[in-house]
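Remarks on the overall topology
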Amino acid sequence: DTGVSQDPRHKITKRGQNVTFRCDPISEHNRLYWYRQTLGQGPEFLTYFQNEAQLEKSRLLSDRFSAERPKGSFSTLEIQRTEQGDSAMYLCASSPGPQGSSYEQYFGPGTRLTVT
Amino acid sequence: AQSVTQPDIHITVSEGASLELRCNYSYGATPYLFWYVQSPGQGLQLLLKYFSGDTLVQGIKGFEAEFKRSQSSFNLRKPSVHWSDAAEYFCAGQPGGGAQKLVFGQGTRLTINP
């Protein structure tokens, strides 16, 4: 069990550029979640997938944000036309889903985005 | 609205002293409850969880938490803290059923005095 991995760990970009982050969940976890965490705050939910289906999106996820999980394994989160307010830590988590015996979410190390 | 509140932004305790971090929740029914710990620049590590049953739950690293329905609380405790426990601690809630998002409190930053 290698845990949830995220790539890159750090990303610095200029305002207006597009960025894409990748998350690899724990193998056989069919639920995958994205959260955003700003300095001094708890994580806030962005979206979640069950297998390849995106089942819920937060109002925080503006039109500039899109997430995919094309084969029900890894997921990508893309931010278009980045703004300084997008600077945050983007966290990915996975959970076993209903066939597992527990519902806790396991988090990756996060991708820290800085928009200059 | 569903919410989780951690009243203490920052707590300082001496090494070897006992610790209690507070968490209150606001849900229509008893939610699933979790405590996570986050070291600087890192992701979140699950310390313990409460789904149902015994209201005192044991976790990793010597932590425990007690669910009190009458007080809508799920406080985290440790009898004797170590310098390595210095970190940010987050309480989180999830509606029963486990399929949905976690709602996090603001976090409590724990500092340990030598």
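So, a few notes on the structure that sits alongside this text. (Residues numbered from 1 in each chain as written. Chains lettered and ligands numbered in written order. Predicted model: local features only at pLDDT ≥ 70, side-chain atom pairs only at ≥ 80, totals over all residues. Heavy atoms only, no water.)

Attention shifts here to the nonpolar core. The biggest cluster of nonpolar side chains holds 27 residues, and the ones touching the most others in it are Leu19(B), Trp35(B), Leu47(B), Leu48(B), Phe74(B), Leu76(B) and Tyr89(B). Those elements that place two or more of their residues in this core are strand E2 (10-14), strand E3 (19-21), strand E5 (32-38), strand E6 (44-50), strand E8 (64-68), strand E9 (73-78), strand E10 (87-94) and strand E12 (108-113) of chain B. Each residue touching Leu48(B), except ones within four places of it in the same chain, is listed here: Leu33(B), Phe34(B), Trp35(B), Val57(B), Gln58(B), Gly59(B), Phe63(B), Glu64(B), Ala65(B), Phe74(B) and Leu76(B). One finds Cys23(A), Trp34(A), Leu61(A) and Ala67(A) within the second-largest nonpolar core, a separate group that totals 19 residues. (Core = buried A, V, L, I, M, F, W, Y, C linked by side-chain atoms within 4.5 Å. Buried < 20%, exposed > 50% of the residue type's maximum accessible area, 1.4 Å probe, protein only. Helix = DSSP H or I, 4+ residues; strand = E, 2+ residues; numbered from the N terminus. Contact = heavy atoms within 4.5 Å.)

Our next topic: the pattern of salt bridges. Evaluated as defined, the whole model comprises nine salt bridges over all chains. Ionic pairing is found between Arg77(B) and Glu64(B), a salt bridge with its closest N-O pair at 3.2 Å. Of the two residues, Arg77(B) sits in strand E9 while Glu64(B) sits in strand E8, which places them 13 residues apart along the sequence. The partner of Arg77(B) in a salt bridge is Glu66(B), with the nearest N and O atoms 3.1 Å apart. With Arg77(B) in strand E9 and Glu66(B) in strand E8, this residue pair connects regions lying eleven residues apart in the sequence. Here Arg77(B) falls in the partly exposed class, since its relative accessible area comes to 22%. You can call Glu66(B) partly exposed: its relative accessible area is 23%. Salt bridges linked by common partners bring Arg64(A), Glu83(A) and Asp86(A) together as one network. (Salt bridge = Lys/Arg side-chain N within 4 Å of Asp/Glu carboxyl O.)

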